[in-house]
Amino acid sequence: MGGKTLEYARFHESAVLGLESAREILSAYTGRPLRLAAVRSDYVELNKVPLLSGPPEEVVLSSYVTFGGDVEGQLLMLFRPESAEKLAGLLAPHVLGPISGQRSPDLLESLIGEIANVVGSAVLNKVADGFEIKILPIPPVIIREMAGAVLSSATAYAGLDGDSTYVAYMKATLDEEQASFEIVFLPRMGGFQGTSQMTE
Amino acid sequence: MSDSLVVGLAEVKWSVLPEDVLVAFSLGSCVGVALWDPVLRAGAMAHVMLPSSRGRKSPKNGVDAGLTPRFEKPGKYADTAVEYAVRCLTAIGAEPSRMMVRMAGGAHVIPGFTLPGGDIGTANIRAVSEAIERLGLPEPRKDVGGDYGRTMRLYVGEGRATVYSVSRGEREI
């Protein structure tokens, strides 16, 4: 179990396919064609991870998934509060439209959990297909906490192995409403090989 | 006017400048350790990530001579981090037995996130406490555990340490 090294460029291609697949599913959910406006991607050293998502003290909604199989690791998705409301509003306009997510945080978290489930599963499935490996995720948990605290806790786990593990960071923007979210993929064993090129 | 010196993941920083504020942002399972010598009015802070170096060698500068980026830094592990922070201050004449010691963090932020040896935040708290005792430092004041992130600050000029969390705001420890 574990021990595989992922080639970053191939990971990026697979992950973008996963995001496209997630977009299709979310479009079907919402009954309106959503557009994947932009995917920014990079891979970074572990110690940069806590600062990846902007101000580390800013509170975000995070979906956290661990996975095993041929590659062990973690998939984190971070949603800024305003983006979380926009995304949840896209998914359930009749529900969240009249209610502010601030007034109904449980509902917002539940909707974000659904979105994270769709996106996370799609990305992990395409990465597994792309590398012809088995990835076995456990159901996600949703955390509302400082972005840096969630990221650094996840990094501690990934940091157990090796000195030069890389993580993949992607920022995806959906639709004209510019609702964006961030994905951090932390493989525990082996990490990535490749070059630290940013991909647009 | 204060100047913030950010102590990043696995880093140790120190200062004798009274306007400096050493800050470890958003400690989750990591533990921040602040040391301050009241005579020299000098402070150090470590941002500890993991409990034990298990005998790994500490690198000279955190960057390998080759092209492979290295992550190992003295602040990564509790046993090496506290010792390194103490050495930063004793090198300029500080005395361990008179240091003010504070620690914060070691939370369990992600539900279900454990290692084979148990919760990583708890292990970090234990390892830092053991290092503090082993090095003959005074008993620390602590704000540790729980399930929330914290930011720790050490005001070098005053020797004052604060902890900020979203739910509790900022308070002195």
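Presented here is an overview of the structure given in this document. (Residues numbered from 1 in each chain as written. Chains lettered and ligands numbered in written order. Predicted model: local features only at pLDDT ≥ 70, side-chain atom pairs only at ≥ 80, totals over all residues. Heavy atoms only, no water.)

**A look at the sheet that holds strand E10 (residues 169–172) of chain B**
All names here are of chain B.
Turning to step 1, where the next piece is worked out: Across the sheet, five strands lie side by side as E1-E3-E8-E9-E10; this open sheet has mixed pairing. Since the sheet does not close on itself, it has two edges, and those belong to strand E1 (3–6) and E10, each with one partner. The sheet shows a mean angle of 25° between the axes of neighbouring strands, taken without regard to direction.
Turning to step 2, where the next piece is worked out: In the sheet, E1 pairs with strand E3 (residues 20–27) via four bridges, with the strands oriented parallel. Bridge assignment links leucine 5 to a residue of E3, and that residue is leucine 22. (Pairing = 2+ DSSP bridges. Helix = DSSP H or I, 4+ residues; strand = E, 2+ residues; numbered from the N terminus. Axes fitted to C-alpha atoms, helices over the stretch in contact; angles between N-to-C directions.)

**Here we look at the pattern of salt bridges**
All names here are of chain A.
Turning to step 1, where the next piece is worked out: Under the definition given, this model contains 12 salt bridges over all chains.
Turning to step 2, where the next piece is worked out: In this structure, arginine 23 and glutamate 20 form a salt bridge, with 2.7 Å as the shortest nitrogen-oxygen distance. Residue arginine 23 and its partner glutamate 20 are located together in helix H1 (residues 8–30), separated by three residues, close to a single helical turn.
Turning to step 3, where the next piece is worked out: Residues glutamate 109 and arginine 144 are paired through a salt bridge, measuring 3.1 Å at the closest nitrogen-oxygen approach. Here arginine 144 lies in strand E6 (residues 141–146) and glutamate 109 lies in helix H4 (residues 105–131), a separation of 35 residues in the sequence. (Salt bridge = Lys/Arg side-chain N within 4 Å of Asp/Glu carboxyl O.)

**A short note on the sheet that holds strand E2 (residues 12–15) of chain B**
Within a beta sheet, neighbouring strands are joined by backbone hydrogen bonds and run either parallel or antiparallel to one another.
All names here are of chain B.
Turning to step 1, where the next piece is worked out: Taken in spatial order, the five strands line up as E2-E5-E4-E6-E7 in an open sheet, and their pairing is mixed. Looking along the sheet, the strands with just one partner apiece sit at the ends: E2 and strand E7 (141–144). Direction aside, neighbouring strands of the sheet carry axes that sit 10° apart on average.
Turning to step 2, where the next piece is worked out: Here strand E6 (residues 100–105) runs beside E7; their pairing, made up of four bridges, is parallel. When the bridges of E7 are listed, arginine 102 appears paired with arginine 141.

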